[in-house]
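# Chain and residue survey
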Amino acid sequence: SQQGEEDPQALSIQEGENATMNCSYKTSINNLQWYRQNSGRGLVHLILIRSNEREKHSGRLRVTLDTSKKSSSLLITASRAADTASYFCATGDDYKLSFGAGTTVTVRA
Amino acid sequence: DVKVTQSSRYLVKRTGEKVFLECVQDMDHENMFWYRQDPGLGLRLIYFSYDVKMKEKGDIPEGYSVSREKKERFSLILESASTNQTSMYLCASSQGLAVTDTQYFGPGTRLTVL
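Read on for an overview of the structure. (Residues numbered from 1 in each chain as written. Chains lettered and ligands numbered in written order. Predicted model: local features only at pLDDT ≥ 70, side-chain atom pairs only at ≥ 80, totals over all residues. Heavy atoms only, no water.)

### Details of the overall build of chain A
As a reminder, the rule being used: Helix numbering and strand numbering both begin at the N terminus, where a helix is a DSSP run of H or I of at least 4 residues and a strand a DSSP run of E of at least 2. For the radius of gyration, the atom set is restricted to C-alpha positions; the globular benchmark scales as 2.2 Å times the number of residues to the power 0.38. Accessibility here uses a 1.4 Å probe with only protein chains present; expressed as a share of the type maximum, an area under 20% marks a residue as buried, one over 50% as exposed, and anything in between as partly exposed. The contact definition used throughout considers only heavy atoms, calling two residues in contact when any of these lie within 4.5 Å. Each accessible area is a Shrake-Rupley estimate made with a 1.4 Å probe; only the visible protein chains count as cover when residues are assessed. Positive residues here are Lys and Arg, negative ones are Asp and Glu, while His and the chain termini are left out of the count. In this description, the location of a charge corresponds to atom NZ of lysine, CZ of arginine, CG of aspartate or CD of glutamate.
A count of helical and extended segments in chain A gives zero helices and eleven strands. Along its sequence from the N terminus, chain A presents helices and strands in the succession β-β-β-β-β-β-β-β-β-β-β. Expected size for 109 residues packed as a compact globule is a radius of gyration near 13 Å; at 13 Å, chain A falls within 12% of this value. The principal-axis extent of the C-alpha atoms belonging to chain A is close to 40 × 25 × 20 Å. Within chain A, buried positions represent 46% of all 109 residues. In chain A, once contacts between residues fewer than 6 apart in sequence are set aside, the share between residues at least 24 apart is 53%. Summing over all exposed atoms, chain A offers an accessible surface of approximately 5,100 Å²; the carbon and sulfur share of this is 45%. Taking the 13 positively charged and 11 negatively charged side chains of chain A as two groups, their mean positions are separated by 3 Å.

Okay, structure coming up:
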């Protein structure tokens, strides 16, 4: 079942700009995770935010969580060409993660 | 670093063939997962295993089976491959089953069934 839905589906930005993508979900969660997938490769875990947290940072990544709106956002600051990838949010219900369809980010040089 | 490897990056098979996809992890993780990834649908869980010889169905188990004889190895089997099983298959492992547990993914196997 696809719980999280990312928005927008695709995003194109200039190197150095910020990229923001959102994730909405339907049911209550304990935590929400963000993953990155480079073209044709497996997923890499980026960050996890718990339901009692509102914001979390990791390097150039900033994640927010609004449980009242059932939504999360991922901000990548000062983007680089290497940030070109697809980004997925993953929500867990009881024992599995449910992934959205992803946001494809292209960073232009 | 956790390493999850998959036996093939690309695989081409014919309709009706029996197909084996192998996944190996080197971090002594308890749990292993098989997903398929299709454009616009995200990742969908096929099966997972929380211990040797234990397995649980995911969201789309039809047409697939799995085997976990050793802790480090989790195999996905397509009993009789069909064209609608053409997809990217991703294996993952994690230490625990809690939502908080990070999953580590292999590079994926792109399977084409002709």
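### Observations regarding the overall build of chain B
Counting secondary structure elements, chain B contains zero helices and eleven strands. Seen in sequence order, chain B has helices and strands lined up from the N terminus as β-β-β-β-β-β-β-β-β-β-β. Counting the 114 residues in chain B, one finds 49% classified as buried. Looking at chain B alone, contacts between residues at least 24 apart form 57% of all its contacts between residues at least 6 apart. Taken as a whole, chain B presents about 5,300 Å² of accessible surface, with 50% of it coming from carbon and sulfur.

### Focus on the pairing of strand E6 (residues 54-57) of chain B
All names here are of chain B. Our working definition: Think of it this way: DSSP has to see at least two bridges between two strands before they count as a pair.
Pairing between strand E5 (residues 42-51) and E6: three bridges, direction antiparallel. Its bridge partner lying in E6, Asp51 is registered against Met54. Between E5 and E6, which pair antiparallel one after the other, the connecting turn spans two residues, and Lys53 there sits at a positive phi close to 65 degrees.

### Focus: the pattern of salt bridges
Residues and elements named next belong to chain B. Condition: Between Lys or Arg on one side and Asp or Glu on the other, a salt bridge is scored when a side-chain nitrogen of the former is within 4 Å of a carboxyl oxygen of the latter.
Summed over all chains, the structure comprises ten salt bridges over all chains. A salt bridge links Lys18 to Glu79; its shortest N-O distance comes to 3.6 Å. Taken together, the residues Lys18 in the loop between strand E2 (10-13) and strand E3 (19-25) and Glu79 in the loop between strand E8 (73-78) and strand E9 (87-94) connect sequence positions 61 residues apart. Judged by relative accessible area, which is 42%, Glu79 ranks as partly exposed. In this structure, Glu30 and Lys71 form a salt bridge, with 2.9 Å as the shortest nitrogen-oxygen distance. One end of the pair, Glu30, is in the loop between E3 and strand E4 (31-38); the other, Lys71, is in the loop between strand E7 (64-70) and E8, with 41 residues separating them in the sequence. Glu30 sits in the partly exposed class, given a relative accessible area of 27%. The exposure class of Lys71 is partly exposed, given its relative accessible area of 21%. Through salt bridges with shared partners, one network takes in Asp28, Glu30 and Lys71.

Everything listed here is a matter of geometry and, on its own, says nothing about what the molecule does.
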